[in-house]
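Descriptive analysis of the structure
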Amino acid sequence: MDRRTALIAFAAALSGAAHAQVARRPWIGYLVLQPIADPPTAQRKAFLDGLREHGYEPGRNVDVVYASAEGNAEFLDDVTRDLVRRRPDLIVAAGGIAVL
């Protein structure tokens, strides 16, 4: 393989990798102590409204994965570690102060 062919192949590979990165939908981990409820709490509604104001529509161009300790502060560390292990692009920790 000559140098020009190798460079073209390398550029094509980079282009394909860049396209794959762009095509991947980012995802946000939303971490709370309290159970996730529907309809959304005022806090979660404000978060979702803020995403939309910035052009992000959950399920369309961003994914939001909810992680909850279901109101039990003793589970919060485990739930947090599990979410971090999943490597989201961003973690939003919402809520008040947990009394341990």
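These notes cover the structure that comes with them. (Residues numbered from 1 in each chain as written. Predicted model: local features only at pLDDT ≥ 70, side-chain atom pairs only at ≥ 80, totals over all residues. Heavy atoms only, no water.)

With that settled, the discussion passes to the overall build of the chain. Looking only at helices and strands, one finds 3 helices and 3 strands in the chain. Secondary structure elements in the chain, listed N-terminal to C-terminal, are α-β-α-β-α-β. Residues classed as buried in the chain amount to 21% of the 100 residues present. Intrachain contacts of the chain at a sequence separation of at least 6 include 73% that bridge at least 24 residues. Accessible surface for the chain amounts to roughly 7300 Å². Of this, 58% is attributable to carbon and sulfur atoms. (Helix = DSSP H or I, 4+ residues; strand = E, 2+ residues; numbered from the N terminus. Buried < 20%, exposed > 50% of the residue type's maximum accessible area, 1.4 Å probe, protein only. Contact = heavy atoms within 4.5 Å. Areas by Shrake-Rupley, 256 points an atom, 1.4 Å probe, with all protein chains shown as cover.)

What follows deals with the sheet that holds strand S3 (residues 90-94). Note on sheets: strands pair through backbone hydrogen bonds, and any given pair is parallel or antiparallel. Ordered by their spatial adjacency, 3 strands build an open sheet running S2-S1-S3, and the pairing between neighbours is parallel. Strands with a single pairing partner mark the edges of an open sheet, and in this sheet they are strand S2 (63-68) and S3. Neighbour-to-neighbour, the strand axes of this sheet turn through a mean angle of 20 degrees, independent of strand direction. Here 6 bridges tie strand S1 (residues 27-32) to S2, and the two strands are oriented parallel to one another. Paired with Tyr30 across the bridge in S2 is Tyr66. Sheet strands touched by helix H2 (residues 42-53): S1, S2 and S3. Its angle to S1, the strand with the most contacts, is close to 165 degrees. (Pairing = 2+ DSSP bridges. Axes fitted to C-alpha atoms, helices over the stretch in contact; angles between N-to-C directions.)

Positionally, Ser68 belongs in strand S2. Judged by its relative accessible area of 15%, Ser68 falls in the buried class. Reaching out from Ser68, the side chain makes a polar contact with the backbone oxygen of Gln34 at a distance of 2.7 Å. In this structure the side chain of Ser68 is engaged in a polar contact, spanning 2.8 Å, whose partner is the backbone nitrogen of Glu70. Look past the residues within four positions of Ser68 in its chain and what remains in contact with it is Val32, Leu33, Gln34, Pro35, Ile36 and Val79. (Polar contact = N/O pair within 3.5 Å; in protein donor to acceptor, adjacent residues only side chain to side chain.)

Now for the pairing of S1. Burial runs high along S1: 6 of the 6 residues are buried. Burial of S1 is two-sided: the residues Trp27, Gly29 and Leu31 facing one way and the residues Ile28, Tyr30 and Val32 facing the other way are all buried. Remark: the S1/H2/S2 crossover connection has right-handed handedness. As paired strands, S1 and S3 are joined by 5 bridges and run parallel to one another. By the bridge assignment, Tyr30 is partnered in S3 with Val92. (Right-handed = clockwise from strand over helix to strand, strands pointing away.)

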